[in-house]
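So you can see what is in the structure, the chains are spelled out below.
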Amino acid sequence: MAETETEEIFTPHGLTPEEKEHYKRLAIKFGIFTGIIILMFDILVFFSYIGHSSWEKGLKNQLVQTISENSLPYTVDSFLPIQSSFAVSSAAFLLKDSEDSYATALILRVVTLYGPQAAVFVCKDEEVQFVSFLTLNEKSQNAVRKASEKSQIAYWKSRIPRILKTLDYSALQADETQTESQNEEE
C-alpha cells in the first residue's frame, strides 16, 4: 500500500493515469480536427489555382466577342496581371491592332442600378474609351449604359489611368523571352 501511495504522489504533473489517457484522446481529436481544416484549406487553394486559368480563358473569349461586336480594330493578345486590390474585381488584357501598336483592355465590375456588371474599357495613350458591358443583350445594354454613362462610367474613366499603372508588364516580358528562346531552339 505504501508503494501505491508513493506512485500517486510522484505522478508527473499530478495527473492520474485516467487523466493522462483523457488528455491524450483530446490531443488526438484536436490533431485530427486540425488536419481536416488544413486539408480543406489546401483543397480550396488548389481549386482556386486551377480555376484561375479557365477564368482567364473565359474572360478572354468574352472580350474577343465584345471587341468583334463593337467593330474595334484589335485582337486580344495576352492577360496582364494587376498588382493591386483591383485584381479581385477586374482583369486586364493586352490588345494589338493591325499597325502592331498596343492598347489595354480593362474589364471592371461596375455597380449599376441593375446590379454589378462587367464593363469593358479600352485604353490607348492615356485615352480611355468605354466599349460595352459583357454578356448583356442589346436592350439591357442600352438601358444600363444610359443609366450609368454620366455616373459610374465617367467615374471609372477617370480612375483607370491610375489602375493601369499597377499592371504587371514584367509577366508579359517573361512570356516573350520564353517564346523567343523556344523559337531559337527550333
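The present account deals with the structure reproduced in this document. What you see is a predicted model, and the numbers here were worked out from it, not measured in a lab.

1. Quick look at the overall build of the chain
Each helix and strand counted, the chain has 4 helices and 5 strands in total. Along the chain, helices and strands appear, N-terminal first, in the series α-α-β-β-β-β-β-α-α. Relative to its 186 residues, the chain shows a buried fraction of 26%. In the chain, 43% of the contacts between residues at least 6 apart in sequence involve partners at least 24 apart.

2. Some details on the nonpolar core
Membership of the largest hydrophobic core comes to 21 residues, with the highest contact counts inside it found for Leu106, Leu108, Phe121, Trp156 and Ile160. Residue assignment for this core shows that the elements contributing at least two residues are strand 2 (90–97), strand 3 (102–112), strand 4 (115–124), strand 5 (127–133) and helix 3 (138–164). No other element matches the 6 residues that helix 3 contributes to this core. Sequence-distant contacts of Leu106, defined by excluding residues within four places in its chain, comprise Ile82, Ala91, Ala92, Ala119, Val120, Phe121, Ile160 and Ile163. The next biggest cluster of nonpolar side chains, apart from the first, holds 16 residues, and it includes Leu59, Ile67, Leu72 and Val131.

3. So, a nonpolar patch on the surface
Taken together, the side chains of Ile28, Phe30, Ile32, Phe33, Ile36, Ile37 and Met40 make up a nonpolar region of the molecular surface, amounting to roughly 740 Å² of accessible area. Here Phe33 lies in helix 2 (residues 17–69). With relative accessibility at 52%, the residue Phe33 sits in the exposed group.

The rules we used
- Residues numbered from 1 in each chain as written.
- Predicted model: local features only at pLDDT ≥ 70, side-chain atom pairs only at ≥ 80, totals over all residues.
- Heavy atoms only, no water.
- Helix = DSSP H or I, 4+ residues; strand = E, 2+ residues; numbered from the N terminus.
- Buried < 20%, exposed > 50% of the residue type's maximum accessible area, 1.4 Å probe, protein only.
- Contact = heavy atoms within 4.5 Å.
- Core = buried A, V, L, I, M, F, W, Y, C linked by side-chain atoms within 4.5 Å.
- Patch = residues over 30% accessible without salt bridge, like charges linked within 9 Å, V, L, I, M, F, W, Y side chains within 5 Å.
- Areas by Shrake-Rupley, 256 points an atom, 1.4 Å probe, with all protein chains shown as cover.
- Salt bridge = Lys/Arg side-chain N within 4 Å of Asp/Glu carboxyl O.

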